[in-house]
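A closer look at the structure
Now for the letters of each chain:
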Amino acid sequence: MLKRIGLAFSALLVVIAASLFIYVHGKLPHRSGEQTLPGLQAPVTVRFDERGVPHINANNQADLYRALGYTQAQDRLFQMEMLRRLARGELAQVLGSKLVPTDRLFRTLRIREQADWQVAHADQATPEWQALQAYLDGINAFQAEHPRPLEFDLLGIPKRPFTPADVYSVVGYMAYSFAAAFRTEPLLSYIKDSLGESYLNVFDRSWHPQGALASGALTGADWKGLGALAQLSAQATALTGLPQMEGSNAWVVSGQRTQSGKPLLAGDPHIRFSVPSVWYEAHLSAPGFELYGDYESLVPFALLGHNHSFAWTLTMFQNDDIDLIAETSNPDNPNQVWYQGHWVDLEQEQQRIDVRDADPVYLQLKRSPHGPIINEALGDNAGTRPIALWWTYLDGANPLVQAFYALNRADTLAKARSAASLIRAPGLNVLYANAQGDIAWWAAAALPIRPPGVVADFILDGSTAQADKLGYYPFSENPHEENPARGYIVSANAQPASPVGRPIAGYYNLPDRGQRLNQRLSQDGRWNVNKSQDLQLDTQTGYAQRVLEPLLPILRTAIDDPQQRQLLDQLAAWHGDYPTDSISATVFNEFLYDLAFTAFHDRLGDSMFQNLLASRLLDAALPRLAADAGSPWWTALSTTSKQTREDAVVHAWTAAISRLRSTLGADPAQWRWGKAHLLTHMHPLGSQKLLAPLLNVGPFDVPGSHEVPNNFSAPLGPAPWAVNYGPSTRRVIDMADPEKAIGILPVGQSGVPFDPHYQDQARDFVQGIYHPLHLSQSDINRNLRTVLRLEP
């Protein structure tokens with residue numbers, strides 16, 4: 001009897017295992033055999049290489065984009081679904097009530113309405129529109145004929161066709177993800193209003209604002225709401241596990257400074273890590289067109305790319321294309337605001353947010369002449385003063401899709417310049433090289449003309465003309481370089497020089513990373529692919545020394561403990577590099593956080609301090625604070641006697657050592673950077689304990705840090721540090737031999753769990769290994785793994 005029960009149980013396990021295998025296998029991409037793709041004019045061949053990259057050959061470009069949509073959907077359909085739901089404020093419908101605040105924010109941003117407006121005004125006779133529609137047809141054909149992704153089953157997501165409005169919504173999300181103003185302008189305005197202008201000096205901004213809201217104009221409830229809005233803006237994408245743009249490295253070197261005699265281009269855009277990662281590699285070929293590109297889900301044209309004739313990459317411009325504007329309400333009618341000398345009605349609209357695990361939420365959206373009332377996203381916690389959002393992205397047409405269609409075909413300098421001129425928002429640095437020998441960079445964005453003297457770092461007063469915009473400067477006045485005499489161009493998100501001497505408002509990164517790149521490039525007149533790899537993997541800048549130089553003498557005077565004295569000596573000899581075996585990197589990073597906490601937390605409080613940590617302001621503030629013994633930030637509110645810089649620095653050091661001992665152990669030899677600095681690529685459902693081991697990828701010990709070239713970045717906080725953004729790809733292309741281009745993705749091509757290409761590049765990525773980007777037919781055939789034939 002027991003034997004029969006055992007056999008039956010074993011048989012049941014076999015049936016369950018077989019059923020699971022069949023279920024999972026049915027979700028995997030089809031990379032071989034034949035599939036029918038409706039709408040094709042002729043058969044299309046898709047050859048997959050060793051990394052799962054599709055090399056698509058078609059007889060015409062319409063078939064090419066239809067096949068791209070189909071092929072990408074096989075690997076990234078769930079990512080496409082999540083991106084459109086995020087951008088259009090529809091995540092709570094599938095993820096539940098915890099995503100209602102995120103949906104409220106994105107509904108309030110009005111991205112979906114702007115996307116719908118762009119579609120309604122698009123010229124559907126253009127080749128770019130026809131290519132976009134073919135791409136969507138390919139996605140929808142795959143979705144209609146194949147099983148839903150695993151995540152669709154888990155969440156109960158119904159199949160729904162993808163539309164042009166989804167494409168433009170994702171473009172809007174891209175623009176939003178660059179917007180540092182949400183985190184920065186409320187913080188700076190709070191410091192000016194609540195603490196005084198002397199507290200602003202440490203942030204190294206221009207402090208002669210006109211048009212800023214007068215001190216005392218916002219209540220405590222208003223500041224609380226704005227702080228919550230800033231935190232919501234920072235957290236919105238982190239909760240969904242979706243990619244968010246953060247920063248980038250790029251350089252282009254002319255043939256006069258390369259070993260090959262032709263231009264060389266290198267780039268590694270810095271984006272939030274996720275599973276799958278942001279880029280999908282694909283090689284497209286049809287009569288009259290060929291491109292190896294990196295594609296974002298639901299964007300049919302490559303945002304990074306190369307072929308035999310030209311190559312380009314991107315970094316984030318970081319220009320300020322958002323103003324937060326405090327409106328003055330009519331005391332007799334709260335639905336009116338004062339604008340240009342009279343009361344005007346707010347536009348109002350009610351929207352419904354469906355919630356998976358609760359009743360629908362109804363949202364009353366309002367809009368002033370300046371833009372949507374953004375603090376409506378907070379509901380009852382919005383405060384009393386309406387805050388409007390003016391945003392370049394919402395101000396008329398934004399032909400980003402057309403810009404990249406043109407850039408995908410920009411085989412001359414003039415064509416590339418023309419394509420870059422179409423970019424309005426988000427602001428992007430376009431770095432370009434071609435086989436003819438040209439190199440160039442354009443800071444591509446629509447730069448608004450603000451009234452004379454207005455500094456938009458603060459919340460502006462909407463009752464005055466200072467909040468209005470006077471148009472946009474011509475593209476020819478944007479920062480740019482074409483074939484500069486120095487023979488190379490570097491872009492690393494630092495503030496660019498204006499060709500007409502006009503300051504360009506923005507929330508730029510520190511210059512240290514760019515200075516490190518420039519230092520290395522300027523020293524070598526024989527640049528090549530290997531040296532570019534080495535520079536992309538560099539882990540050093542001079543930032544740490546700038547912070548430590550005025551502080552180490554204080555600590556050496558105050559610290560007597562032999563073990564801690566040894567750590568101080570090591571810091572003094574440290575070169576500011578972040579290999580995984582560094583002890584000094586760990587000590588410095590913890591000390592940096594405790595220094596920031598000691599100086600800023602008491603004055604700012606929890607909410608505003610968190611906003612400071614999430615902003616780029618802190619990077620610039622800490623070296624200036626360290627060097628300024630008289631800064632008012634050194635005096636803590638919690639002390640009865642006046643605290644000096646020396647007191648605060650010693651307190652921060654003591655707290656740092658205590659934290660490291662409690663977290664990493666009593667022996668400093670165990671405080672290796674790699675032990676405390678870890679990368680786990682998170683899937684959108686990876687926060688669930690049962691799913692995390694199946695869907696997340698990692699953890700990995702990683703080198704580098706915030707604002708070094710190998711920019712594996714974690715939020716500044718107490719140890720250990722969870723890396724959340726960094727290189728989204730690494731690419732190097734020598735135009736002397738584009739067929740030998742190299743690159744790497746952070747995880748893999750596929751977003752389908754259990755697929756062989758789900759995480760096959762992850763370990764190589766953290767180890768700094770590159771793979772060939774096959775462009776020639778002979779290379780493709782040598783590395784061919786499977787062939788898929790798509791039939792009409």
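Thresholds, definitions, all that
- Residues numbered from 1 in each chain as written.
- Predicted model: local features only at pLDDT ≥ 70, side-chain atom pairs only at ≥ 80, totals over all residues.
- Heavy atoms only, no water.
- Helix = DSSP H or I, 4+ residues; strand = E, 2+ residues; numbered from the N terminus.
- Polar contact = N/O pair within 3.5 Å; in protein donor to acceptor, adjacent residues only side chain to side chain.
- Contact = heavy atoms within 4.5 Å.
- Pairing = 2+ DSSP bridges.
- pLDDT = per-residue confidence, 0-100.
- Buried < 20%, exposed > 50% of the residue type's maximum accessible area, 1.4 Å probe, protein only.
- Phe/Tyr/Trp six-rings, centres within 6.5 Å; stacked < 30°, edge-to-face > 60°.
- Lys NZ or Arg CZ within 6 Å of the ring centre and 35° of its normal.

**A few points about the side chain of Asp75**
- Topologically, Asp75 is positioned in helix H2 (residues 61-88).
- A polar contact of 3.1 Å, which involves the side chain of Asp75, links it to the side chain of Tyr280.
- If sequence neighbours within four positions are ignored, Asp75 has contacts with Pro29, Arg31, Tyr280, Gln749, Ser750, Gly751 and Val752.

**Here's the deal with unusual backbone geometry**
- With omega at 5°, the peptide bond leading from Gly698 into Pro699 counts as cis.
- Note that Pro699 resides in strand S24 (residues 697-701).
- A cis geometry characterises the amide bond from Ala719 onward to Pro720, with omega recorded as -5°.
- Secondary-structure assignment places Pro720 in the loop between S24 and strand S25 (721-723).

**So, the sheet that holds strand S13 (residues 342-345)**
- If you trace the three strands from one edge of the open sheet to the other, you get S11-S12-S13, paired in antiparallel fashion. Strands with a single pairing partner mark the edges of an open sheet, and in this sheet they are strand S11 (329-330) and S13.
- Note that strand S12 (residues 333-339) and S13 share four bridges and pair antiparallel. When the sheet's bridge partners are listed, Tyr339 is paired in S13 with His342.

**Looking at the sheet that holds strand S10 (residues 322-326)**
- Reading across the sheet, the three strands line up as S17-S10-S20 and stay open at both edges, with mixed pairing between neighbours. With one partner strand each, in any of the chains shown, strand S17 (387-391) and strand S20 (460-461) form the two edges of the open sheet.
- Sheet topology note: the S10/S17 ladder contains five bridges and is antiparallel. Paired with Leu324 across the strands is Leu389, a residue of S17.

**Observations concerning the environment of Val299**
- Inspection of the secondary structure puts Val299 in the loop between strand S7 (289-296) and strand S8 (304-306).
- Sequence-distant contacts of Val299, defined by excluding residues within four places in its chain, comprise Tyr135 and Val170.

**Observations regarding the confidence of the model for the protein chain**
- When pLDDT is averaged across the protein chain, the result is 91; 91% of the residues are at 70 or more.
- Low pLDDT, under 50, characterises residues 207-215; the stretch is placed with 34 contacts to residues that sit more than four places away or in other chains.

**Quick look at helix H11 (residues 400-407)**
- Across the eight residues that make up H11, a large majority, six, are buried.
- Within the sequence span of H11, burial applies to Leu400, Val401, Ala403, Phe404, Tyr405 and Leu407.

**Some remarks on the packing of aromatic side chains**
- Across all of its chains, the model carries 26 aromatic pairs by this definition.
- A ring pair is formed by Tyr173 and Tyr176, whose centres lie 6.4 Å apart and whose planes are at 40°; its orientation type is tilted. Residue Tyr173 and its partner Tyr176 are both found in helix H8 (residues 164-177); the two are separated by three residues, about one turn of the helix. One exposure class covers both Tyr173 and Tyr176, and it is buried.
- Three or more aromatic residues joined by ring pairs make a cluster, and in this case those are Trp574, Tyr578, Phe588, Trp673 and Trp721.
- The residue whose ring lies beneath Arg84 is Phe162, and the NZ or CZ to ring-centre distance is 3.7 Å.

**Description of the side chain of Arg450**
- Looking at where Arg450 falls in the secondary structure, it is placed in the loop between strand S19 (439-444) and S20.
- Looking at Arg450, the relative accessible area reads 13%, which means it is buried.
- At 3.2 Å, the side chain of Arg450 forms a polar contact with the backbone oxygen of Asp320.
- At 3.0 Å, the side chain of Arg450 and the side chain of Asp323 are in polar contact.
- With residues near it in sequence (within four places) discarded, Arg450 still touches Asp320, Ile322, Asp323, Ala456, Lys469, Leu470 and Ala505.

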